[in-house]
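# Structural overview for review
Here's the letter readout for the chains.
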Amino acid sequence: MKKLSFKQTVHFFSRAAVFFAVSVFASQCFAQSSVSDEKVSNFYYLKKLNSVFDLVQQYYVDEVDPKVLYEGAMKGLMNAFNDPYTSYLDADTIRDLSDTTKGKFGGVGLSISKAVESTPEKPAYVEVVSPIEDSPGEHAGILAGDYLIEIAGKPTQEMTMQEVLNELRGEEGTPVTVTVLRGKNISFSVELVREMIEVPTVKYGMIQNTGYLRIIQFTPETPARVQEAIDFFKKSSYANMIIDLRDNPGGLITSVVEIADKFIDEGPIVSTKSRIAFENSVFNAKKENTVVRDIPIVVLINRGSASASEILSGALKDNHLAYLVGKRTYGKGSVQQVIPLTETEEIKLTMARYYTPSDTNIDKIGIPPDLEAGYPDFTEDDEKAYLELIKSNAVEEYVEAHPGMGEPEIAACAAELKKTYNLDERLLRRLIRIKAVRTQSNRLYDLDYDIQLNKALEVLNTTADFNKLVASTKTLHELQEEAELAASGEKKAVSSK
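Residues numbered from 1 in each chain as written. Predicted model: local features only at pLDDT ≥ 70, side-chain atom pairs only at ≥ 80, totals over all residues. Heavy atoms only, no water.

Helix and strand counts for the chain stand at 16 helices and 19 strands. Out of the 497 residues belonging to the chain, those deemed buried represent 44%. By sequence separation, contacts in the chain at least 24 residues apart represent 67% of the contacts at least 6 residues apart. With an accessible surface of roughly 27400 Å², the chain has 53% of that area assigned to carbon and sulfur atoms. (Helix = DSSP H or I, 4+ residues; strand = E, 2+ residues; numbered from the N terminus. Buried < 20%, exposed > 50% of the residue type's maximum accessible area, 1.4 Å probe, protein only. Contact = heavy atoms within 4.5 Å. Areas by Shrake-Rupley, 256 points an atom, 1.4 Å probe, with all protein chains shown as cover.)

Nonpolar side chains in soluble globular proteins tend to end up buried together. Within the largest apolar cluster, 41 residues are counted, with the highest numbers of intra-cluster contacts made by Met241, Ile243 and Leu312. Apart from residues no more than four positions distant in its own chain, Ile243 is found in contact with Leu213, Ile215, Phe263, Ile297, Val298, Val299, Leu300, Leu312 and Leu316. Core analysis: the next-biggest nonpolar cluster, separate from the first, contains 40 residues, Val176, Leu192, Leu423 and Leu431 among them. (Core = buried A, V, L, I, M, F, W, Y, C linked by side-chain atoms within 4.5 Å.)

Each pair of packed helices gets described by two things: the angle between the helix axes and the distance between those axes. Between helix 8 (residues 253–260) and helix 9 (residues 308–318), the least distance of the axes is 9 Å, while the angle of their chain directions is 25 degrees. Put simply, helix 8 runs roughly parallel to helix 9. In this structure, the crossing between helix 8 and helix 9 has a hand that is right-handed. Every residue of helix 9 that contacts helix 8 at Ile253, Val256, Ile259 and Ala260 is listed here: Ala308, Ile311 and Leu312. Residues of the contact of helix 8 with helix 9, tallied by class, amount to 7 nonpolar, no polar and no charged. (Axes fitted to C-alpha atoms, helices over the stretch in contact; angles between N-to-C directions. Parallel < 35°, antiparallel > 145°, perpendicular 65-115°, else oblique. Left-handed = near helix turned anticlockwise from the far one by under 90°. Nonpolar A, V, L, I, M, F, W, Y, C, P; charged D, E, K, R; others polar.)

In the contact formed by helix 12 (residues 407–420) and helix 13 (residues 425–436), the axes pass within 9 Å of each other and the chain directions differ by 125 degrees. By the angle between their directions, the pair helix 12 and helix 13 is classed as oblique. The two elements helix 12 and helix 13 meet at a crossing, and its hand is right-handed. Two secondary-structure elements touch here, helix 12 through Glu407, Ile410, Ala411, Cys413, Ala414, Ala415, Leu417 and Lys418 and helix 13 through Glu425, Leu428, Arg429, Ile432 and Arg433. Residue classes in the contact of helix 12 with helix 13 are distributed as 8 nonpolar, no polar and 5 charged.

Once that is clear, we can look at the environment of Gly72. Mapped onto the elements of the fold, Gly72 is located in helix 3 (residues 66–79). Each C-alpha atom, one on Gly72 and one on Tyr88, is 9.6 Å from the other, the two residues being 16 residues apart in sequence.

This paragraph deals with the sheet that holds strand 11 (residues 210–215). Strand pairing in a sheet relies on backbone hydrogen bonds, with the paired strands running either antiparallel or parallel. Read from one edge of the open sheet, 6 strands run 10-11-12-15-16-19, paired in mixed fashion. The two strands at the open ends of the sheet, each matched to only one other strand, are strand 10 (202–207) and strand 19 (371–372). Alignment of strand 16 (residues 323–326) against strand 19, held across 2 bridges, turns out to be parallel. Its bridge partner lying in strand 19, Val325 is registered against Leu371. Helix-sheet contacts for helix 9 involve strand 11, strand 12 (240–244), strand 15 (297–301) and strand 16, and the interaxial angle to strand 15 is about 140 degrees. (Pairing = 2+ DSSP bridges.)

Mapped onto the fold, Asn248 is located in the loop between strand 12 and helix 8. If we skip the residues at most four places from it in the chain, Asn248 touches Ile215, Ile216, Gln217, Phe218, Gly304, Ser305, Ala306 and Ser309.

Summarising burial for strand 7 (residues 175–182): 6 of the 8 residues are buried, a large majority. Sheet topology places strand 5 (residues 147–151) next to strand 7; 4 bridges connect them, and they run antiparallel. What sits directly across from Ile151, in strand 7, is Val178. As paired elements, strand 7 and strand 8 (residues 186–193) share 8 bridges and run antiparallel to each other. From the neighbouring strand, Thr177 faces strand 8, where its bridge partner is Glu191. With antiparallel pairing between neighbouring strands as the criterion, strand 7 and strand 8 make up a hairpin whose turn holds 3 residues, including Gly183 at a positive phi of roughly 70 degrees.

Looking now at helix 9. The buried count for helix 9 comes to 11 of 11 residues, which makes it a mostly enclosed element. Within the span of helix 9, buried status applies to Ala308, Ser309, Glu310, Ile311, Leu312, Ser313, Gly314, Ala315, Leu316, Lys317 and Asp318. Of the residues one or two after helix 9, His320 is the one with positive phi, at around 55 degrees.

All right, on to the confidence of the model for the chain then. Per-chain confidence: the chain averages 86 in pLDDT, with 86% of residues scoring 70 or above. Every residue in residues 8–27 is under pLDDT 50, and counting partners more than four places away or in other chains gives 8 contacts. Note that pLDDT drops below 50 for residues 33–38; the model gives that stretch 1 contact with residues more than four away or on any other chain. (pLDDT = per-residue confidence, 0-100.)

So, about the packing of aromatic side chains. Throughout the structure, instances matching the rule amount to 9 aromatic pairs. Measuring from ring centre to ring centre gives 5.2 Å for Tyr44 and Tyr45, while their planes differ by 70 degrees; the resulting arrangement is edge-to-face. Assessed through its relative accessible area of 15%, Tyr44 is described here as buried. The class for Tyr45 is partly exposed, based on a relative accessible area of 46%. Measuring from ring centre to ring centre gives 5.7 Å for Phe233 and Tyr238, while their planes differ by 35 degrees; the resulting arrangement is tilted. Residue class for Tyr238 comes out buried when judged on its relative accessible area of 11%. Taken together, Tyr204, Phe232, Phe233 and Tyr238 form an aromatic cluster joined through their ring pairs. When the ring centre of Tyr355 is taken as origin, the NZ or CZ atom of Lys273, which lies over that ring, is 4.4 Å away. In this arrangement the basic side chain of Lys332 is found over the ring face of Tyr85, its NZ or CZ atom lying 4.6 Å from the centre. (Phe/Tyr/Trp six-rings, centres within 6.5 Å; stacked < 30°, edge-to-face > 60°. Lys NZ or Arg CZ within 6 Å of the ring centre and 35° of its normal.)

For helix 7 (residues 222–235), with 14 residues, the first-to-last C-alpha span of 20 Å sits near the 20 Å given by 1.5 Å per residue. By the burial criterion, the buried members of helix 7 are Thr222, Pro223, Val226, Gln227, Ala229, Ile230 and Phe233. One face of helix 7 carries all of its buried residues, which in axial projection span an arc of 160 degrees. One or two residues past the end of helix 7 sits Ser237, with phi positive at roughly 55 degrees. (Expected span 1.5 Å × (residues − 1). Arc of directions from axis to C-beta.)

Following the criterion strictly, the structure yields 20 salt bridges and no others. As a salt-bridge pair, Lys419 and Glu416 come within 3.3 Å of each other at their nearest N and O atoms. Of this pair, Lys419 and Glu416 both sit in helix 12, separated by 3 residues, roughly a single helical turn. With a relative accessible area of 66%, Lys419 lands in the exposed category. With a closest N to O distance of 2.8 Å, Arg429 and Asp448 form a salt bridge. Here Arg429 is found in helix 13, whereas its partner Asp448 is found in the loop between helix 13 and helix 14 (451–462), with 19 residues between them in sequence. (Salt bridge = Lys/Arg side-chain N within 4 Å of Asp/Glu carboxyl O.)

Okay, structure coming up:
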C-alpha cells in the first residue's frame, strides 16, 4: 500500500470533506417524503431539477455553460413523452420551420419522421413519410416507407431530428449522400444534390371525363387552388372525380376543413379533443359552402397519407361521399401547437387528438381503404436484381447517352435492361421515365405504371350504381369496433387453450 505525503493527506481530506458536503446536500434535496402514500407534488420535482442544475454547475469537473444545461434539460423534457411530434425548438429549428412556412428552403425534398427512442431491436432510423414532388428525393426514386440509415456517412439511429435536418438541408447545388433501407434487405446509397424546394400544394387535370385532383400538401393557399381545380373540372364537363392524397404528409387543419366543406353539406368534418377546454373544438360543414354535389368520388390513399390528408379522407368516408382505394394511411391523429418561449426558442406540443365524423381517432392505426390496391411485393430474386440495378447506375448512364427519350425509347430501354435485370418491365419503364424527365416538370400521372390510379378509374367507370357502393361501406367507427371485437375474440381463444 502506498503511503501518502502530508500534502497528499491534506488534499485527500479536503476532497473527502467536499464530497461529504455534496452528498449531504444531495441527500437532503432528493429525500422522499416520509408519508409513503402522499402524492408527490410538482414542486418536489422542480426542486430536484433545480438542485441537480446547481450541483452540476458547482461541482462538474469542467465549467459548464448554463445555456447548455438548460437546452439539454428542455430537450430531455420534451422527449420524455415518447411523442415524435412534441419537441423543443431552438433557433436553428425555428429557422427551418420558418423556411418551410415561407414555402422555400434548400434541401432534398423529403418529408420525414423519427422515433425518439432507439433500441438494438428497433433502431430509430429516419423514416420517409413522403417525397416532395419534383424534388431530388423523388427523382432519386426514394419512396414513402423507406428508411435513411446513414446521412453523409453518419448513422441516423442516434441522431436527433435537428441533426438530421441540419445534414439534409443546405445550400442549393451542394450534394449529400444518403443510404436507403427499403424493406428488410434492400440497401443502397444515392447522392442527392440539394435544390431550392418549393412546398407544392395542388396539381390537376382531366383523364378523359374524370377530374383528377392531386393535393400535395395543405397550406393556406391550398383551398383556393382546389377551388380552381373544381372550376376547371366543371368547365370540362367532368362526370366523376379522383382526389389523390397519396404521399400527402398533411398541413394546416384550417386548410383541410375549408376543403372538406366544399364537399360536405352539414355535420362535423373533424373534432379535436383535449383535457384543455379551449382545445376542444368541432369543425362543422356549412351547406352554403358546398360546391361539389352528386359527383362520384374516389380518394387515393397510401402509407404516405398522413395528418390533414387523413382528416379529409376520413371525413369523406364517414359521410359516405367517397370510395377509398389504395393502402392504409400513416396514422397521425394528433394536433400540435407551437408555443413561443422567447424570440429564439419555442416548444411544439401535442395539445389534442382529432376525431373523424364517426367520433374515431386513427392515431397509430391509420385509415384502411375500401378497396386495397398496391404493387406486388418483391421476391428475393427481385430484391437482388433491383439492388444490382440501383448500384450499377445503368439507368442513369443510358438516359444520359440518349437525351430526349420518348415513350418508344423508354420501352426499348426497359426491354434491354430486363435481359440483365429480371424485373417487371412496367417498373423498369417507371425508373427510366423518372430519370428521363428529371429536368422537366413531372407529368401529372403515369397510367403505364400507376396500378392504384388505374384501379380508381376502373371503379368509377365500371360501377353500375356508385352511390349504392359508397353507401355500403363502413364508417371508421364501425371498422374499429369490428377490429376490437376480433382482437378480444382472439385473446379469448388463446386463453382458453
